Amino acid sequence: MNSKKVIVAIDSDNLKKIKKLVNILKSEAYAFKIGYEFFFNFGIDGYNQVKKICPNIFLDLKLHDIPNTVEKGVKAIGKLKPLLTTVHISGGNEMMRASIKNKKYTKILGVSVLTSLDANMTKLYYNEKKIENLVKKFVNQAKKNQLDGVVCSPLEIKYVRKKVGKKFLIVTPGIRIKNVYDDQKRVMTPKEAIDLGADYLVIGRPIIKASNPLKILKTINNSIN
């Protein structure tokens, strides 16, 4: 397993700033995560500009649609050759099976329960107040349908790892260096998450909003190692 564990989330509407950050951080990051804000602002051209600086990209578009649409979407994503991409597990078994039909280079991760949701929201939308039960159910289906791994909050890592074994990837957002108040509800420190069994950590704002992003990333890496 690569000793680098941090995937830096670089969503922004400032391409020049992001390219500068990627240049600064590429020696300490495992990969860079491109999501909606970046991709919808700068598209494939912006994606390729970042990929030219660092080839390790997690293209996090969270596909969630009918199976045929997702199958063709993943096929198109495959041409960009990201390391990782995502589909929503809640899209169903047929959709997940369709997502892996054309995959080659890119690993497909299933998104379980968004880290912005708490028990009140999962009760409202999934009729399940215990997030642990919902995540277990979703992760079971992701593995059964042969995805490469899952995205889950740090609070679910321990029982997800126990359920899926060592070879199934666990990628974890909701990582915070210290207590902060934002839209992430289920959070943990980097070392805690790795010790519990996460393979990679997605960290955005604590790094890219810092006055010295490289120093913060090095501090995180040192804390993990």
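Predicted model only: the values in this text are computed from it and were never measured.

Things to note about the environment of Glu192
No. 1: One can find Glu192 in helix α8 (residues 190-196).
No. 2: Put simply, Glu192 and Pro154 are 38 residues apart on the chain and 8.3 Å apart in space, counted from C-alpha to C-alpha.
No. 3: Within the structure, Glu192 has its side chain in polar contact with the side chain of Thr189 (distance 3.0 Å).

Concerning the packing of aromatic side chains
What describes a pair of aromatic rings is the distance from one ring centre to the other and the angle between the planes of the rings.
No. 1: Within the structure shown, the criterion is met by 4 aromatic pairs.
No. 2: Taken together, a centroid distance of 5.4 Å and an interplanar angle of 5° make the contact between Tyr36 and Phe40 stacked. With Tyr36 and Phe40 both in helix α2 (residues 36-53) and 4 residues apart, the pair spans about one turn of that helix.
No. 3: Overall, the relative accessible area of 65% leaves Phe40 in the exposed class.
No. 4: Looking at Lys136, its charged tip hangs above the ring of Tyr159, at a distance of 5.3 Å from the centre.

So, the packing of helix α1 (residues 15-25) against helix α10 (residues 213-224)
When two helices pack together, their arrangement is captured by the angle between the axes and the distance separating the axes.
No. 1: Following both chains from N to C, one finds α1 and α10 inclined at 40°, their axes separated by 10 Å at the closest point. Between α1 and α10, the angle falls in the class oblique. Like other packed secondary-structure pairs, α1 and α10 cross with a definite hand, here right-handed. Across the interface between the two elements, Leu21, Ile24 and Leu25 from α1 touch Pro213, Leu214 and Leu217 from α10.
No. 2: In terms of residue class, the contact of α1 with α10 is built from 6 nonpolar, no polar and no charged.

Parameters and conventions
Residues numbered from 1 in each chain as written. Predicted model: local features only at pLDDT ≥ 70, side-chain atom pairs only at ≥ 80, totals over all residues. Heavy atoms only, no water. Helix = DSSP H or I, 4+ residues; strand = E, 2+ residues; numbered from the N terminus. Polar contact = N/O pair within 3.5 Å; in protein donor to acceptor, adjacent residues only side chain to side chain. Phe/Tyr/Trp six-rings, centres within 6.5 Å; stacked < 30°, edge-to-face > 60°. Buried < 20%, exposed > 50% of the residue type's maximum accessible area, 1.4 Å probe, protein only. Lys NZ or Arg CZ within 6 Å of the ring centre and 35° of its normal. Axes fitted to C-alpha atoms, helices over the stretch in contact; angles between N-to-C directions. Parallel < 35°, antiparallel > 145°, perpendicular 65-115°, else oblique. Left-handed = near helix turned anticlockwise from the far one by under 90°. Contact = heavy atoms within 4.5 Å. Nonpolar A, V, L, I, M, F, W, Y, C, P; charged D, E, K, R; others polar.

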